[in-house]
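Close look at the chain arrangement
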Amino acid sequence: MVKLDTIRWPAPAKLNLFLYVNGQREDGYHELQTLFQFIDLCDYLTITTNLSGKITLTPEIKDLPVTDNLIYKAATMLQKVSGQNLGANIHIEKNLPMGGGLGGGSSDAATTLIALNYHWNLNLTRLQLSDIGLSLGADLPIFIAGEASLAEGVGEQLTMVSPPEHHYIVAVPACHISTPTVFKDKQLIRDTKKRSISQLMSQIWLNDCEPCVKNNYPKVAKVIDWLVEYAPTRLTGTGACVFSTFATAQEAQVVLDKSPQWLTAFACKGLNKSPVNALLSTLK
Ligand SMILES: C[C@@](CO)(OP(=O)(O)O)[C@H](O)COP(=O)(O)OP(=O)(O)OC[C@H]1O[C@@H](n2ccc(N)nc2=O)[C@H](O)[C@@H]1O
Ligand SMILES: Nc1ncnc2c1ncn2[C@@H]1O[C@H](COP(=O)(O)OP(=O)(O)O)[C@@H](O)[C@H]1O
């Protein structure tokens, strides 16, 4: 039965706790080994089914036309694939910085697919939703699976893992870094040897994109150089956001309280299960 109730769905950010580039394929894409964990900072999508067949998305996000928004794209894609004529009114609370390597766009799209599968009572499996959404972003399958995972290949091979759920400071440098630009950079480390999961989990964690991003973006270097005095600090994804790791919320707060005015940062906690899963389990 179609669900007509209104539900507020979370769309969490992710961190890449490590990211290694193992080589480049003939099609130009890079082979990766990267560890994804969610954090408790989320966008929220409030969704109600409508019977008109229209997808509405409010409020408009600056410099992002509705039809380019991954939420709109995911909803129309699911409508087409499922062949039914229900619509949805979607209200977005955008809390995640855009284009910073926190995966907000992919997470919003993943939450849209999971939520509309519920609202429209489509009964599609997570795997089917992943296949539908993959063209919207390489990180979509992780958000749809909803479990902290090691991603390999170009990001499509997932293995569930349980890294410690540390506390973090996530800092947002005032610059935008495009993912293709980082992968095109001649300086990018792209020959790290592939390792087994147990080796990866037990050895020091690094991000192969960090040295060239630090060289090319002084604002990122400045943020890392300030935070690393207090705690281990790394780039997430291809940047620009960076995160520092702490054992407790109090330790993170002490450093956040010291942070200079030029640093935009927030404290958060790592989550091995997406909050979307927790919400879904209360609905069934
Ligand atoms: C590498 C990650 C790790 O989380 O970086 P972030 O975007 O999160 O920073 C993501 O998987 C990125 O995902 P996404 O941003 O969706 O990338 P895509 O649109 O698929 O790819 C953008 C471009 O980056 C390059 N690219 C991307 C992924 C990959 N494994 N190898 C590549 O060479 C390709 O040139 C591609 O055209
Ligand atoms: N709902 C959305 N939220 C964020 N970005 C979106 C969304 N829909 C489309 N985009 C586009 O995707 C780009 C990447 O966004 P985002 O996922 O936040 O960054 P990243 O891939 O670096 O983690 C944005 O610059 C924006 O143009």
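Please read all numbers here as calculations on a predicted model, not as lab measurements.

Here the focus is the overall build of the protein. For the protein, the helix and strand inventory stands at ten helices and ten strands. Referenced to the eigenvectors of the C-alpha coordinate spread, the extents of the protein come out at roughly 55 × 45 × 35 Å. Expressed as a percentage of the 284 residues in the protein, the buried residues total 42%. The contacts in the protein between residues at least 6 apart in sequence include a share of 74% that link residues at least 24 apart.

A separate point is the site of ligand 1. Close to ligand 1 lie 18 residues; His-30, Gly-137, Ala-138, Phe-183 and Gly-237 are nearest. Those elements that place two or more of their residues in the shell around ligand 1 are β2 (30–50) and α5 (179–184). By residue class, the composition of the shell around ligand 1 is six nonpolar, eleven polar and one charged. Each of domain 1 (7–161 + 272–283) and domain 2 (167–271) gives at least three residues to the shell around ligand 1.

Our next topic: the site of ligand 2. Around ligand 2, the structure places 16 residues, and the nearest of them are Leu-70, Gly-99, Gly-104, Gly-105 and Asp-108. Contributing elements (two or more residues each) for the shell around ligand 2: α1 (70–82) and α2 (104–119). Here the shell around ligand 2 takes four residues from α2, the largest share from any one element.

Before going further, it helps to spend a moment on the UniProt feature "binding site: ATP" (unreviewed entry) in the protein. UniProt tags Pro-97, Met-98, Gly-99, Gly-100, Gly-101, Leu-102, Gly-103, Gly-104, Gly-105, Ser-106 and Ser-107 as "binding site: ATP" (unreviewed entry). With respect to the helices and strands, Pro-97 occurs in the loop between β4 (87–93) and α2. Pro-97 sits in the partly exposed class, given 19 other C-beta atoms within 10 Å. Once you skip the residues sitting within four places of it in the chain, Pro-97 turns out to touch Leu-102, Val-172 and Cys-241. Tracing the backbone through its elements, the reader meets Gly-103 in the loop between β4 and α2.

Once that is clear, we can look at the packing of α1 against α2. Contact geometry for α1 and α2: axes closest at 8 Å, N-to-C directions at 35 degrees. The handedness of the crossing between α1 and α2 is right-handed. Across the interface between the two elements, Leu-70, Ile-71, Lys-73, Ala-74, Ala-75 and Leu-78 of α1 pack against Gly-105, Asp-108, Ala-109, Thr-112, Leu-113 and Leu-116 of α2. Among the residues forming the contact of α1 with α2, the class breakdown is eight nonpolar, two polar and two charged.

On to the domain arrangement of the protein, then. Here the protein is partitioned into domain 1 (7–161 + 272–283) and domain 2 (167–271). Each of domain 1 and domain 2 has a C-alpha centre, and these two points are 23 Å apart. In this complex, domain 1 contributes 30 residues to the contact, which on the side of domain 2 involves 30 residues. Only β1 (7–24) and β2 provide two or more residues apiece to the side of domain 1 that touches domain 2. With eleven residues, the single largest contributor to the side of domain 1 that touches domain 2 is β1. For the side of domain 1 that touches domain 2, a count of residues per class yields 15 nonpolar, 13 polar and two charged.

Here the focus is the confidence of the model for the protein. Of all residues in the protein, 100% have pLDDT values of 70 or greater, and the mean over the chain is 96. This complex was scored by the predictor with a pTM of 0.96 and an ipTM of 0.95.

Moving on, we get to the environment of Ala-174. Following the sequence through the fold, Ala-174 ends up in the loop between β7 (167–171) and α5. Spatially, the C-alpha atom of Ala-174 lies 20 Å from that of Cys-42, the residues being 132 residues apart in sequence.

On to helix α3 (residues 126–133). For α3, the full list of buried residues reads Leu-129, Ser-130, Ile-132 and Gly-133. Take α3 and look down its axis: the buried residues cluster within an arc of 160 degrees, on one side only.

What follows concerns the pairing of strand β3 (residues 55–58). Regular strands have side chains that alternate between both faces of the sheet. Inspection of the sheet shows β3 paired to β4 by four bridges, in the parallel sense. Looking at β4, one finds that Thr-58 is bridged to His-91. Read from β3 through α1 to β4, the crossover connection turns out left-handed.

The next subject is the nonpolar core. Counting 73 residues, the largest nonpolar core has Ile-71, Ala-75, Leu-113, Tyr-168, Ile-169 and Val-242 as the members making the most contacts within it. Considering every element that reaches this core, the biggest residue donor is β1, with nine residues. Viewed by domain, this core spans two of them, domain 1 (7–161 + 272–283) and domain 2 (167–271), each represented by three or more residues. Beyond its immediate sequence surroundings of up to four residues, Ile-169 is in contact with Leu-227, Phe-243, Ser-244, Ala-252, Val-255, Leu-256, Ala-265 and Ala-267.

About the thresholds
- Residues numbered from 1 in each chain as written.
- Chains lettered and ligands numbered in written order.
- Predicted model: local features only at pLDDT ≥ 70, side-chain atom pairs only at ≥ 80, totals over all residues.
- Helix = DSSP H or I, 4+ residues; strand = E, 2+ residues; numbered from the N terminus.
- Buried ≥ 20, exposed ≤ 12 C-beta atoms within 10 Å, placed from the backbone.
- Contact = placed C-beta atoms within 7 Å.
- Near = placed C-beta within 6 Å.
- Nonpolar A, V, L, I, M, F, W, Y, C, P; charged D, E, K, R; others polar.
- Domains from an automatic or database assignment.
- UniProt positions renumbered as here; feature names shortened; annotations may be inferred.
- Axes fitted to C-alpha atoms, helices over the stretch in contact; angles between N-to-C directions.
- Left-handed = near helix turned anticlockwise from the far one by under 90°.
- pLDDT = per-residue confidence, 0-100.
- Arc of directions from axis to C-beta.
- Pairing = 2+ DSSP bridges.
- Right-handed = clockwise from strand over helix to strand, strands pointing away.
- Core = buried A, V, L, I, M, F, W, Y, C linked by C-beta atoms within 7 Å.

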